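# Summary of structural features
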There are 2 protein chains.
Amino acid sequence: MHRTKIRVVEGVLDANDTIARANRDDFDRAGVAVVNLMGSPGAGKTSLLEHVARGRGPEGVRFGVLEGDVQGSLDAERLASLHVPVTQIETGEGFGGECHLDANMVRSALPSVPLAELDLLVVENVGNLVCPAEFRIGEHHRVMVSSVTEGEDKPLKYPLMFRACELVLINKADLLPHLDFDLGKLLYHLDAVHPGVPRLLVSAKTGEGVDEWREWLLRAAAREPAAV
Amino acid sequence: MHRTKIRVVEGVLDANDTIARANRDDFDRAGVAVVNLMGSPGAGKTSLLEHVARGRGPEGVRFGVLEGDVQGSLDAERLASLHVPVTQIETGEGFGGECHLDANMVRSALPSVPLAELDLLVVENVGNLVCPAEFRIGEHHRVMVSSVTEGEDKPLKYPLMFRACELVLINKADLLPHLDFDLGKLLYHLDAVHPGVPRLLVSAKTGEGVDEWREWLLRAAAREPAAV
């Protein structure tokens, strides 16, 4: 029984990887760099994308967003109001709420994404620290947002997510003076599960670190080695 | 294909409900009131339970915790240090991380829970605003913690979770002066998806609202109608 269960799940993940590769081929053919942006509900994913949308990039880098949400188009509307091309995936239709994007959901949305008009596509995943890390969607890069309000223990509790990403945005830095939060402890835990992973302390409220985040994205769009 | 997929998921939920009923029967036979505590990663579920553990209840109300975590026993250790009987479920064993507790995981843990020595068992679910709302575990009550740092839009984005619970703890009230957060807007959205659901503004840091939260739990343990 237990063995059967695991076999089914492996099958699901295999099928997902096959579709993810097809997505990746489409992104590469169109010359679009794709970033899968993950994090808890309310970590600040959309706010950090709004900063990117507001800033000026080097000429010729065209930025779009694919929004995954269980229900509603609030985040998509926030970004569309900044004149960013946004495509919305509502995951709620299938089961009363999927907790992550998978490669097939992204594939179903691709006809509505203007790939030919983009250099960079950020896919904002459903707010969740577990399942999004298990499903590749064809992305080139995985980035996560972890808010300082979530506590220092999160890398130890959700190690797969913190290991899956190649950049960790530590958001809401403006709240540090008001929290019992030890940044050194978070970084220690981060290095315990993903040694040396690049990290940026940012604040969507004050704009701290946001230029570096935008530059990281622009380097990703230019297919330059990503670093911070 | 689509129809088959939905049929499989319905089957999973049916099987879950059957096991949840068996759990509920066991809880009722033992005279233990069970509360399923849900919320985002870092919303403050464990901190609010620490407050309950530290406070004095009326004589004779014995309190225990069943901890669900993807990995590690950090939360269980925090509570055990306060002399609360804690049983730990690590969900990570099955698939590299389950994003919720289901009735069978709870059932598997029951032999390790000292039901005969408890009046109240709080099950701290995995931090996630989607799937925990879909899986009953045999609980009598469902409570969620929503932190003000997560933003006012969460009821609209995760309506199933906000509808599933009968009490919403709005945590981290101490941070309100430092946030661009409109409490009225959160409550408006909350009433849009779950009109009139009882809510308590609390702070695990300052202790605001924590006495009311403890009293709510004690009434639940006494099988009195829950209200705030």
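Look a little higher up for the structure.
A few points on the structure.

Reading the values: the criteria
- Residues numbered from 1 in each chain as written.
- Chains lettered and ligands numbered in written order.
- Predicted model: local features only at pLDDT ≥ 70, side-chain atom pairs only at ≥ 80, totals over all residues.
- Heavy atoms only, no water.
- Buried < 20%, exposed > 50% of the residue type's maximum accessible area, 1.4 Å probe, protein only.
- Helix = DSSP H or I, 4+ residues; strand = E, 2+ residues; numbered from the N terminus.
- Pairing = 2+ DSSP bridges.
- Expected span 1.5 Å × (residues − 1).
- Contact = heavy atoms within 4.5 Å.
- Phe/Tyr/Trp six-rings, centres within 6.5 Å; stacked < 30°, edge-to-face > 60°.
- Least-squares fit on C-alpha atoms with pLDDT ≥ 70 in both.

Let us now look at the pairing of strand β5 (residues 141-147) of chain B. For a regular strand, side-chain orientation follows a simple rule: the groups alternate between the two sheet faces. All names here are of chain B. In terms of burial, β5 is a largely internal element, seven of the seven residues being buried. Judged by which residues are buried, β5 turns out to be covered on both faces: His141, Val143, Val145 and Ser147 on one side and Arg142, Met144 and Ser146 on the other are all buried. Of the strand pairs in this sheet, strand β1 (residues 33-39) and β5 are connected by five bridges, and their pairing is parallel. Bridging from a neighbouring strand, asparagine 36 pairs with arginine 142 of β5. Of the pairings in the sheet, the one linking β5 to strand β6 (residues 167-171) comprises five bridges and is parallel in character. By the bridge assignment, serine 146 is partnered in β6 with isoleucine 170.

All names here are of chain B. Taking 1.5 Å as the rise per residue, helix α9 (residues 210-221) with twelve residues should run 16 Å; its terminal C-alpha atoms sit 17 Å apart, in good agreement. Lining the buried residues of α9 we find β1, α2 (45-54), β4 (120-124), β5, β6 and β7 (199-201). Residue arginine 223 follows α9 closely and has a positive phi angle near 60 degrees.

Residue and element names in this part refer to chain A. Counted by the stated rule, this structure contains two aromatic pairs over all chains. Ring geometry for tryptophan 213 versus tryptophan 216: centroids 6.5 Å apart, planes at 25 degrees, classification stacked. Taken together, the residues tryptophan 213 and tryptophan 216, both in helix α9 (residues 210-221) and three residues apart, mark about one turn of the helix. Taking the relative accessible area as the measure of exposure, tryptophan 216 reaches 1% and is therefore buried.

Each copy of the sequence occupies a distinct position, and chain A is placed on chain B by a rotation of 180 degrees and an axial shift of 0.0 Å, giving an RMSD of 0.0 Å. What we have between these two chains is a two-fold relation. Within chain A, the C-alpha atom positioned nearest to the axis of rotation is that of asparagine 128 of chain A, 2.9 Å from it. Counting the interface residues of chain A, we find that 100% of their copies in chain B are interface residues as well, pointing to one common contact surface.

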